[in-house]
Amino acid sequence: GQQLNQSPQSMFIQEGEDVSMNCTSSSIFNTWLWYKQDPGEGPVLLIALYKAGELTSNGRLTAQFGITRKDSFLNISASIPSDVGIYFCAGRESGGGADGLTFGKGTHLIIQP
Amino acid sequence: NAGVTQTPKFRILKIGQSMTLQCAQDMNHNYMYWYRQDPGMGLKLIYYSVGAGITDKGEVPNGYNVSRSTTEDFPLRLELAAPSQTSVYFCASSYRRRGRYTEAFFGQGTRLTVV
């Protein structure tokens with residue numbers, strides 16, 4: 001299957017700091033998605049990107065679809081305690097079937113008091 | 001609006017036992033999916049369905065079966081449970097038709113342990 005490299009694996013930050021994470025793929029995607037998973041819950045969609053170069057915001061979250069179509073970035077500004085969780089990227093190839101989603105392994109965000 | 005509902009939330013099985021994980025959605029979505037999530041890993045697709053009566057294998061289908069007799073329900077069956085099937089299972093649904101689509105909505109998951 002396709003490979004998605006998501007980094008960093010985990011982040012320990014102070015409340016109020018900005019956060020950056022990214023995903024890179026070995027192939028070209030036509031869709032990039034960012035999900036958040038809280039403990040004991042299912043993933044919840046944060047941002048969807050459908051066009052190379054697209055920059056989309058959702059509150060304090062901003063994500064970008066890389067120009068090469070092989071990467072995507074998620075930034076969180078001024079982190080707060082409820083941002084704690086696991087963030088997953090997912091990409092879909094062109095013509096990627098009914099699902100065609102490949103998920104990254106996740107970035108575990110921990111906010112230190 | 002319940003969204004995607006999975007039952008049970010937790011289950012412990014003995015090796016060789018069988019069980020069915022239930023999934024129901026009330027959003028009239030035509031696509032449904034089963035994923036498994038192992039510690040430190042991303043989600044892996046087990047099976048998916050594009051509509052009632054139609055199912056297809058995903059990346060990791062061995063040891064599982066599914067059926068889709070209605071639009072709302074998409075149960076996942078484990079016939080002979082093995083320790084390698086210890087995982088968290090997520091059901092998801094989405095809508096795709098004539099250029100209109102939504103991305104997947106996920107249930108809360110079923111945490112399964114096989115001992």
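Here, every reference points to the structure presented above.
What comes next concerns the included structure. Bear in mind the structure is a predicted one, so any value in this text is a computation, not a measurement.

### Concerning the pairing of strand 4 (residues 31-37) of chain B
All names here are of chain B. A large share of strand 4 lies buried, amounting to seven of its seven residues. What you see with strand 4 is no split at all: Y31, Y33, Y35 and Q37 on one side and M32, W34 and R36 on the other are buried throughout. One ladder, built from seven bridges, connects strand 4 with strand 9 (residues 87-94); its direction is antiparallel. Residue pairing across strands places Y35 opposite F90, the latter belonging to strand 9. Here strand 4 pairs with strand 5 (residues 43-51) via six bridges, running antiparallel. What sits directly across from M32, in strand 5, is S49. Connecting the antiparallel pair strand 4 and strand 5 is a turn made up of five residues, with G40 showing a positive phi of about 70°.

### A look at the packing of aromatic side chains
For any pair of aromatic rings, geometry is given as the distance between the ring centres together with the angle between the planes. All names here are of chain B. Tallied over the full model, the rule gives 10 aromatic pairs over all chains. Here Y31 and Y33 contribute two aromatic rings whose centre-to-centre distance is 6.5 Å and whose plane-to-plane angle is 55°, an arrangement assigned as tilted. Just as Y31 is buried, Y33 falls in that class too. Centroid distance Y35 to F106: 5.6 Å. Interplanar angle 40°. Geometry classified as tilted. A residue pair is termed long-range when its members are at least 10 positions apart, and Y35 in strand 4 and F106 in strand 12 (residues 105-106) qualify at 71 residues.

### Points about the sheet that holds strand 1 (residues 4-7) of chain B
All names here are of chain B. Across the sheet, four strands lie side by side as 1-3-8-7; this open sheet has antiparallel pairing. Pairing within the sheet leaves two strands with one partner each, and these edge strands are strand 1 and strand 7 (64-66). The sheet shows a mean angle of 20° between the axes of neighbouring strands, direction not considered. The sheet contact formed by strand 3 (residues 19-25) and strand 8 (residues 76-78) spans three bridges and is antiparallel. Residue pairing across strands places L21 opposite L76, the latter belonging to strand 8.

Calculation criteria
- Residues numbered from 1 in each chain as written.
- Chains lettered and ligands numbered in written order.
- Predicted model: local features only at pLDDT ≥ 70, side-chain atom pairs only at ≥ 80, totals over all residues.
- Heavy atoms only, no water.
- Buried < 20%, exposed > 50% of the residue type's maximum accessible area, 1.4 Å probe, protein only.
- Helix = DSSP H or I, 4+ residues; strand = E, 2+ residues; numbered from the N terminus.
- Pairing = 2+ DSSP bridges.
- Phe/Tyr/Trp six-rings, centres within 6.5 Å; stacked < 30°, edge-to-face > 60°.
- Axes fitted to C-alpha atoms, helices over the stretch in contact; angles between N-to-C directions.

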